[in-house]
Amino acid sequence: MIEPTSNVVTFRRRAAPAPARHPNGLMEAVYSAGSLSIRADDMATKTAAVMLQALGFLLIEEILADGTPRRLSRGEARKALDRPWRLSKPGFGGEAGRPDADGAFVT
């Protein structure tokens, strides 16, 4: 007797990608701390940061090999994805990088 063949194909689930940081959460983290360091390989956070920089909500500084920061303009940020970054709150009424909490969380 011939066994019936099934036309059902099972698909294996792929591992879920690492959760990307939502731009709103990123902006809240930078504004509450004043600045935030981003690793060189964190492309999801850097992509969100470039979008927020284009809207004027963040300042992006590239950390050079000697440890000095260099401010990136809007066009330069996409070309400097291979280095670590520091994201800062723009100085709307005062100093750039000053946290909203004004040191309330510092012990």
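Source: prediction; values computed, not measured.

1. Digging into the packing of helix H1 (residues 23–33) against helix H2 (residues 43–54)
Next up, step 1: With their axes 10 Å apart at the nearest point, H1 and H2 run at an angle of 80° to one another. Relative to H2, H1 is oriented roughly perpendicular. Counting all contacts with H1, which are made through Pro23, Leu26 and Met27, the residues of H2 involved are Thr45, Ala48, Ala49, Met51 and Leu52.
Next up, step 2: Residue composition of the contact of H1 with H2, grouped by class: seven nonpolar, one polar and no charged.

2. Regarding H2
At 3.6 residues per turn, the α-helix brings residues three or four places apart onto the same side.
Next up, step 1: Between its first and last C-alpha, H2 extends 16 Å over 12 residues, near the 16 Å set by a 1.5 Å rise per residue.
Next up, step 2: Turning to H2, its buried residues number three or more, namely Thr45, Lys46, Ala48, Ala49, Val50, Leu52 and Gln53.
Next up, step 3: At its buried positions, H2 is contacted by H1, strand E1 (35–38), strand E2 (59–63), strand E3 (69–72) and strand E4 (85–88).
Next up, step 4: After H2 finishes, the residue Gly56 shows a positive phi value of roughly 90°.

3. Focus: the packing of aromatic side chains
Next up, step 1: Evaluation of the coordinates by the stated rule reveals zero aromatic pairs.
Next up, step 2: Above the ring of Trp85, the side-chain terminus of Lys46 is found at 4.9 Å from the ring centroid.

4. Looking at the environment of Ser35
Next up, step 1: Looking at where Ser35 falls in the secondary structure, it is placed in strand E1.
Next up, step 2: Each C-alpha atom of the pair Ser35 and Arg86 lies 6.6 Å from the other, and the pair is 51 residues apart in sequence.

5. A look at H1
Next up, step 1: Along H1, the positions that sit buried rather than exposed are Leu26, Val30 and Tyr31. One face of H1 carries all of its buried residues, which in axial projection span an arc of 125°.
Next up, step 2: Residues of H1 that are buried in the fold lie against E1, H2 and E4.
Next up, step 3: The positive-phi residue at the C-terminal boundary of H1 is Gly34, with phi of around 95°.

Conventions and cut-offs
Residues numbered from 1 in each chain as written. Predicted model: local features only at pLDDT ≥ 70, side-chain atom pairs only at ≥ 80, totals over all residues. Heavy atoms only, no water. Axes fitted to C-alpha atoms, helices over the stretch in contact; angles between N-to-C directions. Helix = DSSP H or I, 4+ residues; strand = E, 2+ residues; numbered from the N terminus. Parallel < 35°, antiparallel > 145°, perpendicular 65-115°, else oblique. Contact = heavy atoms within 4.5 Å. Nonpolar A, V, L, I, M, F, W, Y, C, P; charged D, E, K, R; others polar. Expected span 1.5 Å × (residues − 1). Buried < 20%, exposed > 50% of the residue type's maximum accessible area, 1.4 Å probe, protein only. Phe/Tyr/Trp six-rings, centres within 6.5 Å; stacked < 30°, edge-to-face > 60°. Lys NZ or Arg CZ within 6 Å of the ring centre and 35° of its normal. Arc of directions from axis to C-beta.

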